[in-house]
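The lines below spell out each chain.
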Amino acid sequence: MPTTYSRKQMIFLIRLVVIITTAYFIIFTPSSNKQFENFGYFFIAVYLFTNLIVAFMPKKIFYDPKIFYGLVLCDSIMLPAGIYFSGYVGSDLYLMYFFIVSLTTISSRFKYLIINALIFSVIYGWLLYQKGFLSGPLAISYSIRIPLILIITVFYGYLITIRLKDKDKKIQEIQDRYEQIVQATDVMMCIVDQDGKYLFTNQKFIEFYGFSDEKSLLGLTVSSIHNGDDEQAEKSLGDVKSVFQSNNTVQNESFDKLHGIWFANTLSPIRNPLTRAVSSVCIISKDITERVEKENKLNDTIELLRKTRDQLIQKDKMSALGRMASGIAHEIRNPLEIIYMGIDYLDFNLTNDNPHIRKSIDKMLNAVNRANNIIKNILSFSKKSTYKITGFPLCPLLDNVLSLAKHSIRKNNVKVIREYDDKLIEVAADFNMLEQVFLNLVNNAIYAMKDSNEKRLTIHVSKQTVSEIGYKSGYRQADFFIIGDKMVVVEISDTGKGIPAADLPKIFEPFYTTKPTNEGTGLGLSLSHMIMDRLSGIIDVKSRENQGTTFYIQLQTDRKKINSNEV
């Protein structure tokens, strides 16, 4: 079996051969100066001693760059000194030495260096032969130059080669380490050129988009993986071009419609070391779907808290207003009775021959009746009342409400659409109160559509399971609906002018109305909200200006869940 020499042994043996060859020059080259000759012997002893030191040095330090450069420096000094002590000062041997050093430093492969050295040695030997230096008393001194050239070449070539191998190994280790990091990371990574073509992708990227290997991706563009989403494909390519133009990092977020995943993308320029121009772009994409969903949930929760706060404030305002309105209504009703008696007296005593007087009396009487109706509504709004909770079918009640509003529906040419999932759906409520709520909502919907080209009133009834936390729905004991409960949902939709966004938070406030003067009191929706609160139900609204309005009424199915105390 061939014996494998360690790096230390190889350096020791090659240096030993170099030392022996140099010693030959020093010992067998004639010298005219005895002191000069003694210096040569001393040099040989020192050179051998340096190799003895090499023999006792630990193996591991020969992999240290400092030791490597120390050996190169030592031999770069010792070899010219050996040539000097051999008596070849001023000869072409110095030129050959520096030529060999130069040759070894520019050679990328050891075998190419040896081939070049052999060719050079043959040419140099032929030149020595042509000049007649290989014959005569000094023939041996000249002929030994050729193996010396080869030995020096091998020595420096070996040192350079092992150093290059060390560097290559280190580079490979670094490359492998970075490769492991890139492949092991939980983010998708790729490198693209200016046209968006893939130059590199990590395994996470390959697996996510369902490719077999990296080769099947190379040459494709960033647009190709967004198949079916032209807007995102164009945006991705635009971001790549933006990095090339600005030479700066670009960060953005994108949504992959095909996989339903949000990504946070970082596009970083990869610059040419010499020109500093952008040669390619590295794209790192991290899945942030969970974060986005949590942010959306947080925003929904904040919105819910805002709505709950507004509704609590509204409820408190209504409670305070009710107490105040009750006292004011009684105070106003007394003067109204006197005014009513005065109008009645005038109506009885004045003659009917003057139509203007009769018309004025009618106007006063209508005004007093209107004021009296408002007071009745205020008293109804403010006073405590008892109500009877029963279970009854909801759809007949809605049909009855539509019958009561039949005149307005026909007069305004409104098309009514009934969407009952089950006509036998039952709710737990007070029949008369619930009828008042639905009649008010239907009349409001008809009024909202008076100027619409398409007049369509849709009533949809369904039974649903409570699945989301909202106002008065969740897990608290005070909630009307607990997650998992059954509830009946009535949706009353119109194709009217809609409610402006600025008005939506105010529509349940007492006396707030968007109707012209003498067409509304602003108490209808407030009373409806109060009634639903008493029935442990919820009324909500969604509307967009010029796109219609939908009121959502959530009702209980179980009488036990409604507090039937006086309210």
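Presented here is an overview of the structure given in this document.

What the protein chain contains, in helices and strands, is 15 helices and 14 strands. Across the protein chain, the fraction of contacts at a sequence separation of at least 24, relative to all contacts at a separation of at least 6, is 67%. Surface accessibility of the protein chain: about 33,600 Å² in total, with carbon and sulfur atoms responsible for 57%.

Another aspect to go through is the side chain of T458. With respect to the helices and strands, the residue T458 is situated in strand β9 (residues 456-465). With residues near it in sequence (within four places) discarded, T458 still touches I417, E419, E491, I492 and S493.

To continue, consider empty space enclosed by the protein. This structure, assessed with the given rule, holds four cavities of 30 Å³ or more. Along its surface, the largest cavity is lined by 22 residues, and H226, S236, N265, I283 and S285 are the ones closest to its centre. For the lining of the largest cavity, the secondary-structure elements that each account for two or more residues are β1 (188-192), α9 (230-246), β3 (250-256), β4 (261-271) and β5 (278-287). If one sorts the elements of the lining of the largest cavity by residue count, α9 sits on top with five residues. Residue classes in the lining of the largest cavity are distributed as 12 nonpolar, seven polar and three charged.

In this section: the sheet that holds strand β14 (residues 549-555). Pairing between the strands of a sheet is mediated by backbone hydrogen bonds and can be parallel or antiparallel. Judged by pairing direction, the sheet is mixed, and its five strands sit side by side in the order β7-β9-β12-β14-β13 without closing on themselves. Of all strands in the sheet, those with a lone pairing partner are β7 (415-420) and β13 (538-543), marking the two edges. Averaged over neighbouring strand pairs, the angle between their axes works out to 15° when direction is ignored. Where β13 lies against β14, six bridges are found, and the strand directions are antiparallel. The residue of β14 that forms the bridge with S543 is T549.

Attention now goes to the nonpolar core. In this structure, L394, L434, F438, V490, I553 and L555 are the most contacted members of the largest nonpolar core, which totals 45 residues. Here the element with the most residues in this core is helix α14 (residues 431-448); it accounts for eight residues. Leave out the neighbours within four places in its chain, and L394 touches I425, E426, V427, L434, F438, V461, V488, V490 and L555.

To continue, consider a nonpolar patch on the surface. On the surface, I115, I119, I123, W126, L127, Y129 and L134 cluster together into a nonpolar patch covering about 710 Å² of accessible area. The topology assignment puts L134 in the loop between α5 (110-131) and α6 (139-143).

Looking now at the pattern of salt bridges. Once their charged atoms are close, side chains differing in charge can pair, the charge on each being opposite to the other. Here the structure, examined in full by the defined rule, presents six salt bridges. E253 serves as the salt-bridge partner of R291, at 2.5 Å between the closest nitrogen and oxygen. In this pair, R291 sits in helix α10 (residues 289-349) while E253 sits in strand β3, placing the two residues 38 residues apart along the sequence. Overall, the relative accessible area of 36% leaves R291 in the partly exposed class. E454 is the salt-bridge partner of R456, the closest N and O atoms lying 2.1 Å from each other. Owing to a relative accessible area of 27%, R456 belongs among the partly exposed residues under this scheme. A relative accessible area of 47% places E454 in the partly exposed class. Here the residues in one salt-bridge network are E253, R291 and E295, joined through shared partners.

Between two packed helices, what matters for the description is the angle formed by their axes and the separation of those axes. Viewed as axis vectors pointing N to C, helix α12 (residues 394-404) and α14 meet at an angle of 50°, and their least axial separation amounts to 9 Å. Between α12 and α14, the angle falls in the class oblique. Between α12 and α14 lies a crossing of right-handed hand. Mapping the contact onto sequence places L394, L397, L398, N400, V401, L402 and L404 in α12 and F431, L434, E435, F438, L439 and V442 in α14. Class assignment of the residues belonging to the contact of α12 with α14 gives a composition of 11 nonpolar, one polar and one charged.

Turning next to α12. Each full turn of the α-helix corresponds to 3.6 residues, which orients residues three or four apart in the same direction. Those residues of α12 lying buried are L394, C395, L397, L398, V401 and L402. The arc that holds every buried residue of α12, seen down its axis, measures 160°, which confines them to one face.

At a minimum axis distance of 9 Å, the contact between α14 and helix α15 (residues 524-534) shows a crossing angle of 145°. Of the two elements, α14 crosses α15, and the hand of that crossing is left-handed. Within the contact between the two elements, α14 uses M433, L434, Q436, V437, N440, L441 and N444 and α15 uses G524, L525, L527, S528, I531, M532 and R534. Tallied by class, residues from the contact of α14 with α15 come to eight nonpolar, five polar and one charged.

Criteria and cut-off values
- Counting from 1, residues in each chain are numbered in the order their sequence is written.
- Predicted model: local features are reported for residues with pLDDT of at least 70 only, side-chain atom pairs are reported and counted for 80 or more only, and whole-chain, interface and lining totals are derived from all residues.
- The basis for the side-chain values is all heavy atoms of the structure; hydrogens and waters are excluded.
- Numbering goes from the N terminus for both helices and strands, where a helix is a DSSP run of H or I of at least four residues and a strand is a run of E of at least two.
- Note on contacts: a residue pair is in contact if any heavy atoms of the two residues lie within 4.5 Å.
- Per-residue and other accessible areas were derived by the Shrake-Rupley procedure at a 1.4 Å probe size, with only the shown protein chains allowed to occlude residues.
- Grid points spaced at 1 Å and placed over the protein atoms alone form the basis of the search, with a cavity being a set where a 1.4 Å probe fits but cannot get out and a pocket an open set showing protein on both sides within 12 Å along at least five of seven lines. Lining residues have an atom within 4 Å of a point.
- Grid points are joined across faces, edges and corners, and a volume is the space filled by probe spheres set on the points.
- Classes in brief: Ala, Val, Leu, Ile, Met, Phe, Trp, Tyr, Cys and Pro nonpolar; Asp, Glu, Lys and Arg charged; the others, Gly included, polar.
- Each pair of strands is called paired provided DSSP finds at least two bridges between the two strands.
- Lines fitted to C-alpha atoms define the axes here, with helix axes fitted over just the stretch in contact, and angles between the N-to-C directions of these axes take values from 0 to 180 degrees.
- Residues belong to one nonpolar core when they are buried, are Ala, Val, Leu, Ile, Met, Phe, Trp, Tyr or Cys, and are joined through side-chain atoms within 4.5 Å.
- Partly exposed describes any residue whose relative accessible area lies between the buried limit of under 20% and the exposed limit of over 50%, with all areas from a 1.4 Å probe on protein chains only and scaled to the type maximum.
- Patch criteria: residues need more than 30% relative accessible area and no salt bridge. Like-charged residues are merged within 9 Å; nonpolar side chains of Val, Leu, Ile, Met, Phe, Trp and Tyr are merged within 5 Å.
- Here, a salt bridge means any side-chain nitrogen of Lys or Arg that lies within 4 Å of a carboxyl oxygen of Asp or Glu.
- Put simply, angles under 35 degrees are roughly parallel, angles over 145 are roughly antiparallel, angles from 65 to 115 are roughly perpendicular, and the rest are oblique.
- Here a crossing is called left-handed whenever its near helix is offset anticlockwise from the far helix by less than a right angle, and right-handed whenever the offset is clockwise.
- Of all possible arcs, the one meant is that of the directions from the helix axis to the C-beta atoms.

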